[in-house]
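Examination of the molecular architecture
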Amino acid sequence: MTAIDDLLADFDVMDDWEDRYRHVIELGRELAPLPGADRTAENKVKGCASQVWIATAVSGAGDDPVLAFRGDSDALIVKGLIAIAFMIYSGKTARDILATDAGEILGKLGLSGHLTQQRSNGFASMIGRIKADAQAALHG
């Protein structure tokens, strides 16, 4: 079972949006701390109302490298969204990252309809950054 499968199972038993919101915040609290050295302009995600940093590590040789991510935000709910994005993408191959639709997963979690437009745009910016890093790893 993947981290996303576990998360979907957790969310399936939560009927109340407030419970889901609290769970997203808790996921953010569990996110590993981001070292200060990774809080750089290059790692800052543009298009987010909150401050968001994503650091990408690429491993594996060949035509389908594996990417791992670390990140942080100054907003708790956004940290939770970062944690969900990492559950979806971290540790996956670049090709898998490019083929996976995070929006679909947010819909299954029942989050897409409850996030503000600003948060939805920020999440889309995070996913865009992750996919751009995957594309660069494939062709870099």
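Refer to the structure above for everything that follows.
Residues numbered from 1 in each chain as written. Predicted model: local features only at pLDDT ≥ 70, side-chain atom pairs only at ≥ 80, totals over all residues. Heavy atoms only, no water.

Quick look at the sheet that holds strand S3 (residues 92-93)
The strands making up a sheet are joined through hydrogen bonds of the backbone, oriented either antiparallel or parallel. The strand order across the open sheet formed by 3 strands is S1-S2-S3, and the pairing between neighbours is antiparallel. The open sheet has two edge strands with one neighbour each: strand S1 (52-59) and S3. In the sheet, strand S2 (residues 66-73) pairs with S3 via 2 bridges, with the strands oriented antiparallel. Looking across to S3, one finds that Val66 is bridged to Thr93. Against the sheet, helix H3 (residues 76-89) engages S1, S2 and S3, with an angle of about 175° to S2. Contacting S1 and S2, helix H6 (residues 117-139) runs over the sheet at an angle of about 25° to S1. (Pairing = 2+ DSSP bridges. Helix = DSSP H or I, 4+ residues; strand = E, 2+ residues; numbered from the N terminus. Contact = heavy atoms within 4.5 Å. Axes fitted to C-alpha atoms, helices over the stretch in contact; angles between N-to-C directions.)

Focus on the pairing of S2
Across 8 bridges, the pairing between S1 and S2 is antiparallel. What sits directly across from Val52, in S2, is Ser73.

Focus: the pattern of salt bridges
Taken as a whole, this structure holds 9 salt bridges when the rule is applied. One salt bridge in this structure joins Asp64 and Arg95, with 4.0 Å as the shortest N-O distance. With Asp64 in the loop between S1 and S2 and Arg95 in helix H4 (residues 94-99), the pair connects residues that are 31 residues apart, well separated along the chain. Of the charged contacts, one joins Glu104 and Lys108 as a salt bridge, the two residues approaching to 3.6 Å between their closest N and O atoms. Note that Glu104 and Lys108 are positioned in helix H5 (residues 102-109) at a spacing of 4 residues, about one turn of the helix. The exposure class assigned to Glu104 is partly exposed, which follows from its relative accessible area of 45%. (Salt bridge = Lys/Arg side-chain N within 4 Å of Asp/Glu carboxyl O. Buried < 20%, exposed > 50% of the residue type's maximum accessible area, 1.4 Å probe, protein only.)

Digging into the packing of helix H2 (residues 17-30) against H3
The N-to-C vectors of H2 and H3 enclose an angle of 75°; their axes lie 7 Å apart at closest approach. On the basis of their axis angle, the class for H2 and H3 is roughly perpendicular. Within the contact between the two elements, H2 uses Tyr21, Val24, Ile25, Leu27, Gly28 and Arg29 and H3 uses Leu76, Ile77, Lys79, Gly80, Leu81, Ala83, Ile84 and Met87. When grouped by side-chain class, the residues that make up the contact of H2 with H3 number 10 nonpolar, 2 polar and 2 charged. (Parallel < 35°, antiparallel > 145°, perpendicular 65-115°, else oblique. Nonpolar A, V, L, I, M, F, W, Y, C, P; charged D, E, K, R; others polar.)

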